[in-house]
Amino acid sequence: MSAVPLLKVSDVSKFYGSRIGCRNVSFELYPGEVLAIVGESGSGKTTLLSCLSTRLMPTSGVVEYHMRDGQYRDLARMSEAERRFLMRTDWGFVHQNPADGLRMTVSAGANVGERLMAVGDRHYGNIRAAAGDWLRRVEIEEDRIDDQPRAFSGGMRQRLQIARNLVTSPRLVFMDEPTGGLDVSVQARLLDLVRGLVHDLGLAAVIVTHDLAVARLLSHRMMVMKDGAVIEQGLTDRVLDDPREPYTQLLVSSILQV
Amino acid sequence: MNDLANYNFAYLDEQTKRMIRRAILKAIAIPGYQVPFASREMPMPYGWGTGGVQVTASILGPSDVLKVIDQGADDTTNAVSIRAFFQKVANVAVTTRTADATIIQTRHRIPEEKLGEGQTLVYQVPIPEPLRFLEPRETETRKMHALEEYGLMHVKLYEDIARNGHIATTYAYPVKVEGRYVMDPSPTPKFDNPKMHMSEALQLFGAGREKRIYAVPPYTEVVSLDFEDHPFEVQKFDRPCALCGAENVYLDEVVLDDKGGRMFVCSDTDHCEDRRAHGHAGAMLAPAAKESQEAAE
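Residues numbered from 1 in each chain as written. Chains lettered and ligands numbered in written order. Predicted model: local features only at pLDDT ≥ 70, side-chain atom pairs only at ≥ 80, totals over all residues. Heavy atoms only, no water.

Once that is clear, we can look at the UniProt feature "domain: ABC transporter" (unreviewed entry) in chain A. With numbering matched to this structure, UniProt assigns "domain: ABC transporter" (unreviewed entry) to residues 7–252 of chain A. Across residues 7–252 of chain A, helical content stands at 40% and strand content at 26%; the span's end C-alpha atoms are separated by 28 Å. (UniProt positions renumbered as here; feature names shortened; annotations may be inferred. Helix = DSSP H or I, 4+ residues; strand = E, 2+ residues; numbered from the N terminus.)

In structure tokens, the structure reads:
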């Protein structure tokens, strides 16, 4: 891991009128590091993720990103064109519902190739080869390249969404409940895949989940949120094995044992 | 007194024309950019050329000579009606000869004869937004134009190749204007796309229902989108026009009977008639007509 953080978050708050989305969140994320944000529904996890990924503007606070040219840029001060360019090159965003992140009416190959075409790739053969390669890496048979995601199962759609995001070799990926709504065996394979990819590509990731097992499997570090604030953070194993806050203890002890 | 006396010259009132001319000027200043305008109700249904008619009405002067074509033909319903309309409300000279016209309103074709300086081509446009079928939100497509995010346009072409092995879009083929805006050339066959490039004539596009005007000024670069390994190419016909023998023109297929008989003729009727008047004859030209042509020679 490099000594320079990829993302610097200081005192980020988001208010919806008088209601609190999240407040005074600060942390740093290093290259290759996976951070899990856990907490119950309504604790502000998704609001925080949206603020980090520029989908929402924070009410106060600063999010800075370490650009490829070595400069830190305040995301809120970037132009929309720059933000959108960052979004489709250096970043990825994996939605809980694959239909939100995929184009359901164009083929799997075009879904993966879209980002390449968006950054100026104009060679059909190369785009198709890259798409085929990525489908293989996310364990989708290459002969499904011309099928639409509508014809895919939930797990395949999620894997396709991951391939679509990773094709431009991003450095930072945001994931919002990536395994939500999948059955456990499919979940396990997806987690395996994500863990492998994150490791091989040296990706940094911010993963929002309410599933502590997912957090334990994927993340190095985790933050526990309650009522919009971070109440505990630390190494994943430390937080899960030795929770300090009463709420975290409750959360950990609420896991169903089979 | 004639009822038409109540109408202003060329049907629209002067304030409306002024508004439309402003939109046209803006469109010319930003080639390929869709300028919103306050489209008026016209005495014809949407989809029949309300946008084109408003543009024509706004630029028409008493000394203009108007030609109206529909799929290349001067004698189809839409063309005849619009021509008659302007004869009535503006009392302008009309013609079917491409070279004589100063304004040509067209539905989905560009005349075969090369247009020159001083001529204006007015297109009727049903859906001005080239990104519409890929991105239904207008707010989003306008943003994509503003930020020059045109990757999605190539996704459509990619899909074509993946399904058909080649780019199967044959009409409304997207173009990039002056290296900036991606534009829908209206549903003209892609055969006509190269004619838009560096055209000497001014090209104006009016979409009445969608309330947009856009333009390609003379001598403007118009490039059809493609892939490096699947370059843009136009339709080719394996036979000449059956009536005038012309090659390298856009042909219409005409079914002759229910036994599979058919012929291919120029879609540009003026071009075809002009060639026949100059003694060119195709394989299926009626013998009587051929004889009279030979006699004339």
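Past the structure itself, the notes keep going.
Right, let's talk about the interface of chain A and chain B for a bit. Contact residues are listed per partner, giving 22 residues for chain A and 21 residues for chain B. Regarding the contact of chain A and chain B, the summed buried area is about 1,900 Å², with carbon and sulfur atoms giving 57% of it. Broken down residue by residue, the surface that chain A buries against chain B is led by Arg84(A), Arg122(A) and Tyr124(A), which jointly contribute 39%. With a closest N to O distance of 4.0 Å, Glu135(B) and Arg103(A) form a salt bridge. In this assembly, chain A and chain B are joined by 12 residue pairs in polar contact (both at pLDDT 80 or more). When residues in the side of chain A that touches chain B are grouped by element, the largest group, 5 residues, is from helix α4 (residues 108–118) of chain A. (Contact = heavy atoms within 4.5 Å. Buried area = accessible area lost by both parts, 1.4 Å probe. Salt bridge = Lys/Arg side-chain N within 4 Å of Asp/Glu carboxyl O. Polar contact = N/O pair within 3.5 Å; in protein donor to acceptor, adjacent residues only side chain to side chain.)

Moving on: the nonpolar core. Ranked by size, the top nonpolar core spans 57 residues in total, and within it Val112(A), Trp134(A), Leu160(A), Tyr158(B) and Phe227(B) carry the most contacts. At 7 residues, the largest contribution of residues to this core is made by helix α5 (residues 151–164) of chain B. Not counting residues up to four positions away in its chain, the partners in contact with Val112(A) are Ala131(A), Trp134(A), Leu135(A), Leu160(A), Ala163(A), Arg164(A) and Val167(A). Val9(A), Ile37(A), Val63(A) and Leu75(A) belong to the second largest nonpolar core, which has 30 residues in total. (Core = buried A, V, L, I, M, F, W, Y, C linked by side-chain atoms within 4.5 Å. Buried < 20%, exposed > 50% of the residue type's maximum accessible area, 1.4 Å probe, protein only.)

The next point concerns the domain arrangement of chain B. How big an interface is tends to be stated in terms of accessible area lost as the parts join. Residues and elements named next belong to chain B. Here chain B is partitioned into domain 1 (2–127 + 177–217) and domain 2 (236–285). Counting from both sides, the interface comprises 15 residues of domain 1 and, opposite them, 11 residues of domain 2. Of all residues in domain 1, the largest losses of buried area upon contact with domain 2 belong to Arg109, Glu112 and Phe191, amounting jointly to 43% of the total for that side. Linking domain 1 with domain 2 are 1 salt bridge. We note a salt bridge from Asp274 to Arg97, for which the minimum N-O separation is 3.6 Å. Across the domain 1-domain 2 interface, the total number found is 7 residue pairs in polar contact (both at pLDDT 80 or more). Partitioning the side of domain 1 that touches domain 2 into residue classes produces 4 nonpolar, 4 polar and 7 charged. (Domains from an automatic or database assignment. Nonpolar A, V, L, I, M, F, W, Y, C, P; charged D, E, K, R; others polar.)

Residues and elements named next belong to chain B. Counting buried positions along strand β12 (residues 262–266) gives 4 out of 5 residues, so the element sits mostly inside the fold. As defined by bridge partners, strand β11 (residues 251–255) adjoins β12 across 5 bridges and the pair is classed as antiparallel. By the bridge assignment, Glu253 is partnered in β12 with Phe264. Where β11 folds back on β12, the antiparallel hairpin that results is connected by 6 residues, among which Gly260 adopts a positive phi of roughly 90°. (Pairing = 2+ DSSP bridges.)

Residue and element names in this part refer to chain A. What the domain assignment reports for chain A is domain 1 (1–90 + 170–258) and domain 2 (98–169). The C-alpha centroid of domain 2 is placed 25 Å from the C-alpha centroid of domain 1. With 18 residues of domain 1 at the interface, the matching set in domain 2 holds 16 residues. Of the roughly 1,400 Å² buried between domain 1 and domain 2 on both sides combined, carbon and sulfur atoms contribute 66%. Its largest share of buried area at the contact with domain 2, domain 1 owes to Arg88, Pro170 and Leu193, together 35% of the area lost on that side. Summed over the shared surface of domain 1 and domain 2, the result is 1 salt bridge. At the junction of domain 1 with domain 2, the criterion picks out 6 residue pairs in polar contact (both at pLDDT 80 or more). Taken together, the elements giving at least two residues each to the side of domain 1 that touches domain 2 come down to α2 (80–89) and α7 (184–201). If you tally residues by element for the side of domain 1 that touches domain 2, the top one is α7, at 7 residues. Residue composition of the side of domain 1 that touches domain 2, grouped by class: 13 nonpolar, 1 polar and 4 charged.

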